[in-house]
Structure formats: C-alpha cells, structure tokens
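Close look at the chain arrangement
What follows is the residue order along each chain.
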Amino acid sequence: MLKPKAGAALCGILIIVQSFIHRPALSEEFWWYVRSDAFCWGVLLGYLSENKEKFKKLEPTFLSNKKMSFFLFSFLLVVIATPQLMYGCSFYVSIMSLASGVLVYLSSYDSGYIPSSGKLKQLLVKIGDYSYSLYLVHMPVLVVIYNYIP
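Residues numbered from 1 in each chain as written. Predicted model: local features only at pLDDT ≥ 70, side-chain atom pairs only at ≥ 80, totals over all residues. Heavy atoms only, no water.

**Topic: the overall build of the protein chain**
To be explicit about the condition: Numbering goes from the N terminus for both helices and strands, where a helix is a DSSP run of H or I of at least four residues and a strand is a run of E of at least two. Classification of residues uses two cut-offs on accessible area relative to the type maximum, computed with a 1.4 Å probe and protein chains only: under 20% is buried, over 50% is exposed, and between them is partly exposed. Between two residues, a contact is recorded if the distance between any of their heavy atoms is within 4.5 Å. By the counting scheme adopted, Arg and Lys are positive, Glu and Asp are negative, and His together with the chain ends is not counted. Positions of charges follow a simple convention, taking NZ of Lys, CZ of Arg, CG of Asp or CD of Glu.
Counting secondary structure elements, the protein chain contains seven helices and zero strands. Each helix and strand of the protein chain, placed in order from N terminus to C terminus, yields the pattern α-α-α-α-α-α-α. By its C-alpha atoms, the protein chain is 50 × 40 × 25 Å across when sized along the principal axes. The buried share among the 150 residues of the protein chain stands at 26%. Pairs at least 24 residues apart make up 65% of the contacts formed inside the protein chain by residues separated by at least 6 positions. A gap of 8 Å separates the mean positions of the 13 positive and 8 negative side-chain charges of the protein chain.

Encoded structure:
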C-alpha cells in the first residue's frame, strides 16, 4: 500500500501523462481503450474525502442554486455523452474522465448538487449502481461485437 500523499502524487502523475497521449474518441487505437485516468480521479477523490475538514472546505455550496446546478449537470452530461462532437480532439478521453470525476465529486456530498427527484433520482441511482461494472465490460463487449458478429 502507498501512503496517501504518495498515492495521490502517483495518481496525479498518471492523469497528467495520459492527458498528453493521443487518444482519439471512438477509434480502434489501443489508447482509446486505456482509461485509467478515470480510476485515478476516483482514487484522488477517495484520498480527499478521508480528510473531512478539507473535504468540507471544498464543498461546492454555490450549486445550492438549482439553476446553476442544472446548468453544470447538463453541461457535464453533454461532454460525457457526445464524443462525436470532439472526434478530432486528441485529449477528449481526458476531458471525459474529468467530467465524470466532477459528477462523482458532486454526488459524494449527497446535498442535491446533482439535480434529480422522484423517478429521475431512482433511475440515476440505478445507473450509478451498475455503472462501474458496465464501465469495466463495455469495451471487451464492443470488441467482440465488432470483430466476431457479422
């Protein structure tokens, strides 16, 4: 096990290094499939959340404004869900992992910074419950479908 500062430094280095690797969106290149920077953002968030005082100081209370939180949430979803718009951008995967990390960060406060209620909230919780396993298996499934199913 790494000490928290060493682990956070390693994650930061991995995020920075991967942001300079050409990983065009939706390509068949090897680097499109390498997305460990997203895991590193999650690990950094875990390290941050261990220090309750720092975590509380970094709470985005400005998102208590529902219009602001809805705008940010919508923007982040568009960034994540539309890789076609940034097909030529070599660092899109890094942008997508950062946007996903911000969503996880906002969700970690459980203070309504992610706008949802009722059925929408239930749907988002379900998606969140399954998202990690889907994240792990979606690329191998796509490779099998593209290469072995006519």
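Moving on from the model shown.
**A few points about the packing of helix H1 (residues 4-19) against helix H3 (residues 36-50)**
We apply this condition: Angular values range over 0 to 180 degrees, each being the angle between N-to-C directions of two axes fitted as lines to C-alpha atoms, with helices fitted over their stretch in contact. Put simply, angles under 35 degrees are roughly parallel, angles over 145 are roughly antiparallel, angles from 65 to 115 are roughly perpendicular, and the rest are oblique. Throughout, a crossing is termed right-handed when the near helix is turned clockwise from the far one, and left-handed when it is turned anticlockwise from it by less than a right angle. Note on residue classes: Ala, Val, Leu, Ile, Met, Phe, Trp, Tyr, Cys and Pro are nonpolar, Asp, Glu, Lys and Arg are charged, and everything else, Gly too, is polar.
Across the interface, H1 lies against H3 with an axial gap of 9 Å and an inter-helix angle of 150°. What the angle tells us is that H1 and H3 run roughly antiparallel. Between H1 and H3 lies a crossing of left-handed hand. Of H3, the residues touching H1 (which contributes Pro4, Gly7, Ala8, Cys11, Gly12, Leu14, Ile15 and Gln18) are Ser36, Asp37, Cys40, Trp41, Val43, Leu44, Tyr47 and Glu50. Residue classes in the contact of H1 with H3 are distributed as 10 nonpolar, four polar and two charged.

**Overview of the pattern of salt bridges**
The following threshold applies: Salt bridge, as used here: a side-chain nitrogen of Lys or Arg that lies within 4 Å of a carboxyl oxygen of Asp or Glu.
All chains considered together, the criterion is met by one salt bridge. For lysine 56, the salt bridge identified is with glutamate 59, shortest N-O distance 2.8 Å.

**Notes on the nonpolar core**
Definition in use: Only buried residues count toward a nonpolar core. Its members are Ala, Val, Leu, Ile, Met, Phe, Trp, Tyr and Cys residues joined through side-chain atoms within 4.5 Å.
If you look at the biggest cluster of nonpolar residues, it comprises 13 residues, and the most contacted ones within it are Tyr105 and Leu106. Residue assignment for this core shows that the elements contributing at least two residues are helix H5 (66-81) and helix H6 (92-108). Discounting chain neighbours no more than four positions away, the residues touching tyrosine 105 are Leu45, Leu48, Phe55, Leu58, Glu59 and Pro60.

**Quick look at unusual backbone geometry**
Its identity as a non-glycine residue notwithstanding, aspartate 110 has a phi of 50°, on the positive side. On the accessibility criterion, aspartate 110 (68% relative accessible area) is exposed.

**Digging into the packing of aromatic side chains**
The geometry of an aromatic ring pair comes down to the distance between the two centres and the angle between the two planes. Keep this limit in mind: Under the pairing criterion, centres of Phe, Tyr and Trp rings, with the six-membered ring standing for Trp, must be within 6.5 Å; the plane angle then separates stacked pairs below 30 degrees from edge-to-face pairs above 60, leaving the rest tilted.
With the rule as written, the count across this model stands at four aromatic pairs. Centroid distance phenylalanine 55 to tyrosine 105: 6.4 Å. Interplanar angle 90°. Geometry classified as edge-to-face. Of this pair, phenylalanine 55 sits in helix H4 (residues 52-57) while tyrosine 105 sits in helix H6; the two residues are 50 residues apart in sequence, bridging distant segments of the chain. Judged by relative accessible area, phenylalanine 55 falls into the buried class, the value being 10%. Here the aromatic rings of tyrosine 109 and tyrosine 113 are separated by 6.3 Å at their centres, their planes lie at 70°, and the arrangement is edge-to-face. Counting every residue linked through ring pairs, the aromatic cluster contains Phe55, Tyr105, Tyr109 and Tyr113.

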